[in-house]
Amino acid sequence: MTRLRHRHLIWDWNGTLLDDLDLSLSVMNAILARRALPRLDRARYHTLFDFPVRTYYGRLGFDPARDSFEQLSVEFISGYDARRLESTLHRDARRLLGAARDAGLRQSILSAYRQETLREIVAHFGLDGHFDHIAGLDNIHAHSKLDLGRDLIRRLDTPPGEILLVGDTLHDLEVARELGVDCALIAAGHHPADRLQATGAPVYPDLAAFAAAHGL
Ligand SMILES: [Mg+2]
């Protein structure tokens, strides 16, 4: 039986349900290698990654006179998209989505990934039936999903106090706070446990721990 007082779960996709950390690192390392820049390992990535991703790109050492943010975004997304099916769901993601549905919770996705590709990959994993709404951005620049979140909340017809956003980054928490909804963070994606815990928000090491804590 669920101990959640929420009626709607809003899921982040990349890093929260989809385990794409290693793919993101590998794609970025290929871009860095082409410019003889220092490569990333998990620890350095976790320290540098941020939203808007423009900030993160700036920290990687690219020369803005040579590489515009827009060009780098295109290079990253085309590299990522070409290999997107190499990533798998996080362990427990599929079971947890089913358990939440069986507990009577409604669910949606709010993602900075491009809408069309997002829908396609959610369907690829056979998960589209779980979600009332699958909301992605209409561009590839991953600036912010706040406006998209506002639009989603309006469509849910659920009081913000009954909505829980589940994500893996500081941006997810920032969006949840702006939207006035609760937030749970899973430290198995693009930000490390210490950066997430420093916010004071509830942090779980993985989806299994989140599920156990909520009776799902
Ligand atoms: Mg994420």
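This text goes with the structure placed above it.
From a predicted model like this one, the values you see are computed outputs, not experimental measurements.

> In this structure, what is going on with the coordination of the magnesium ion? I would like to understand it.
Tetrahedral metal sites with four donors have an ideal angle of 109.5 degrees; octahedral sites with six donors have ideal angles of 90 or 180 degrees. Surrounding the magnesium ion are the protein donor atoms Asp12 (OD), Asn14 (O) and Asp168 (OD), which sit 2.1 to 2.2 Å from the metal. Spacing between the donor residues of the magnesium ion along the chain follows D-x1-N-x153-D. Note that Asn14 is positioned in the loop between β1 (8-11) and β2 (18-19) and Asp168 in the loop between β6 (163-167) and α8 (170-179), a separation of 154 residues in sequence. A relative accessible area of 16% places Asn14 in the buried class.

> Looking at this structure, how should I read the packing of aromatic side chains?
Counted under the stated rule, the structure contains twelve aromatic pairs. Measuring from centroid to centroid gives 5.2 Å for Tyr45 and Phe49, while their planes differ by 20°, and the two rings are stacked. Since its relative accessible area comes to 2%, Tyr45 is described here as buried. Residue Phe49 is classed as buried on the basis of its relative accessible area, which comes to 7%. With centroids separated by 5.5 Å and ring planes inclined at 80°, the aromatic side chains of Phe49 and Phe51 adopt a geometry described as edge-to-face.

> It is not clear to me how the environment of Asp138 should be interpreted in this structure. Could you clarify?
Take Asp138: it is sitting in the loop between β5 (133-137) and α7 (146-156). Placed 26 residues apart in sequence, Asp138 and Ala112 show a C-alpha to C-alpha distance of 8.9 Å.

Calculation criteria
Residues numbered from 1 in each chain as written. Predicted model: local features only at pLDDT ≥ 70, side-chain atom pairs only at ≥ 80, totals over all residues. Heavy atoms only, no water. Donors = N, O, S within 2.8 Å, 3.2 Å for Na, K, Ca; no water. Helix = DSSP H or I, 4+ residues; strand = E, 2+ residues; numbered from the N terminus. Buried < 20%, exposed > 50% of the residue type's maximum accessible area, 1.4 Å probe, protein only. Phe/Tyr/Trp six-rings, centres within 6.5 Å; stacked < 30°, edge-to-face > 60°.

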